[in-house]
Structure formats: C-alpha cells, structure tokens
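Structural overview for review
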Amino acid sequence: MIRWASRAPWWVVALVTVYVAVLVFVGAVSHLTDLIRSGLHPYSWAPDWLNLYWSALAAFDSLAALLLVLGRRAGVDLMCVIMATDLMANWYAAYGIQHSDFSAQPGLQRLAAFTLLVLATGPFVRSRLSVGTL
C-alpha cells in the first residue's frame, strides 16, 4: 500500500487489504480467466447482457482494487457498486435463469457475505481515505 496506509488506522488498512485481495484474486482473476477461455460470452445459458457485465468485471474489479491501493475514496465507491450489482446479477442468474435456491449456491452465499461486509464497512473505510486523483 502507499503512504496513506501509514496514516490510516490499522483496521482501515486491514479492510482495504481484504477488499483488494478479494477483488483481484477472486473477482478479476476469475473473470479474466473466463474471458481468456471463452471470450465475452463464457456462460452459454446466460443472456448476452449478463455475459458482457461479468466480462466487464475483469476491468472494473482491477480498477477498484487499484484505486483502493492508492487510498482513494473512489475505490470504495466503485467496489460498493460492483458488489451490489454483481450480487443482483448472480441472484437473478440463480433464481431467474437457473431456478435454483440460495442453499444450493455456495458461490452466491460467499458473494452475499462479502457484499454485506463491503456495504457495512465501506462507508467507514471511505471516510478515512482521500478524495485525490490518479
């Protein structure tokens, strides 16, 4: 992390580290892997708009992680939008398309847990970061 981490409370640095690790190593890597393997439409069962959204997350997850590493509030904002919309998209895919339920979807359970963590802690972390520009 950059200089901001030395001035921030330990819990802010810890949460940003968790956010970045999940955004990069779970989000961006999985979406990038899907893109490399299958192109812009990795899920044949999903509509085009949903495939394109998930493919775009390879870039958006990475951008949010970069902004967080730089200690920018925009990173928290982008991460919150990503997580809320990704949860809605995955919920729609599970219930509306695959006709599954929450208990049968461990990936959706993990996504929901992380989204709740982000939305519950994000505003507190955001208040400790800078407005700044790239």
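Overview of the structure. These numbers come from a predicted model, not from an experiment.

1. Some points on the overall build of the protein chain
Scanning the protein chain from terminus to terminus reveals 5 helices and 0 strands. Taken from N to C terminus, the helices and strands of the protein chain fall in the order α-α-α-α-α. Here the C-alpha atoms of the protein chain give a radius of gyration of 16 Å, agreeing with the 14 Å that 2.2 N^0.38 yields for 134 residues. Across the 134 residues of the protein chain, 39% fall into the buried class. Counting contacts in the protein chain only where the partners sit at least 6 residues apart, residues at least 24 apart contribute 65% of the total. Surface accessibility of the protein chain: about 7,400 Å² in total, with carbon and sulfur atoms responsible for 68%. Once the 8 positive and 6 negative side-chain charges of the protein chain are each reduced to a mean point, those two points are 20 Å apart.

2. Topic: the packing of helix α4 (residues 73-97) against helix α5 (residues 106-126)
Relative to each other, α4 and α5 sit at 155°, their axes nearing to 9 Å. Classified by the interaxial angle, the pair formed by α4 and α5 is roughly antiparallel. The interaxial crossing formed by α4 with α5 has left-handed handedness.

3. Brief notes about unusual backbone geometry
Residue H99 is not a glycine yet carries a positive backbone phi of 50°. Along the chain, the position of H99 falls in the loop between α4 and α5. You can call H99 exposed: its relative accessible area is 64%.

4. Topic: the side chain of T115
Topologically, T115 is positioned in helix α5. Ignoring sequence-local partners within four residues, the contact set of T115 consists of M83, A84 and L87.

5. Concerning α4
Helix length check: α4, at 25 residues, gives a terminal C-alpha distance of 35 Å against a target of 36 Å (1.5 Å per residue), a fit within 8%. Restricting attention to buried positions, one finds in α4 the residues G75, V76, L78, M79, C80, I82, M83, D86, L87, A89, A93 and A94. Looking one or two residues beyond α4, the residue adopting positive phi is H99, at roughly 50°.

About the criteria used
- Just so you know, the residues in each chain are numbered from 1, in the order the chain's sequence is written.
- Note on the predicted model: pLDDT of at least 70 is required for a residue's local features to be given, and 80 or more for side-chain atom pairs to be given and counted; whole-chain, interface and lining totals, by contrast, use all residues.
- For the side-chain quantities, the full set of heavy atoms in the structure was used; hydrogens and water were omitted.
- Think of it this way: any DSSP run of H or I at least four residues long counts as a helix, any run of E at least two long counts as a strand, and we number them from the N terminus.
- Computation of the radius of gyration draws on C-alpha atoms alone. For the globule rule, the value is 2.2 Å times the number of residues to the power 0.38.
- Each residue is placed in one exposure class: buried if its accessible area under a 1.4 Å probe, protein chains only, is under 20% of its type's maximum, exposed if it is over 50%, and partly exposed if it falls in between.
- Contact definition: two residues touch when any of their heavy atoms are within 4.5 Å.
- Here, Shrake-Rupley sampling with a 1.4 Å probe gives the accessible areas, and only protein chains in the shown set may cover a residue.
- Positive charges come from Lys and Arg alone, negative charges from Asp and Glu alone, with His and the N- and C-terminal ends not counted.
- All charge positions are set by atom: Lys at NZ, Arg at CZ, Asp at CG, Glu at CD.
- Axes here mean lines fitted to C-alpha atoms, for a helix over just the part in contact, with angles spanning 0 to 180 degrees between N-to-C directions.
- Here the word oblique covers every angle except those under 35 degrees (roughly parallel), over 145 (roughly antiparallel) and from 65 to 115 (roughly perpendicular).
- What makes a crossing left-handed is the near helix being turned counterclockwise from the far one by less than a right angle; a clockwise turn instead makes it right-handed.
- Here the expected length of a helix is defined as 1.5 Å per residue gap, with one fewer gap than residues.

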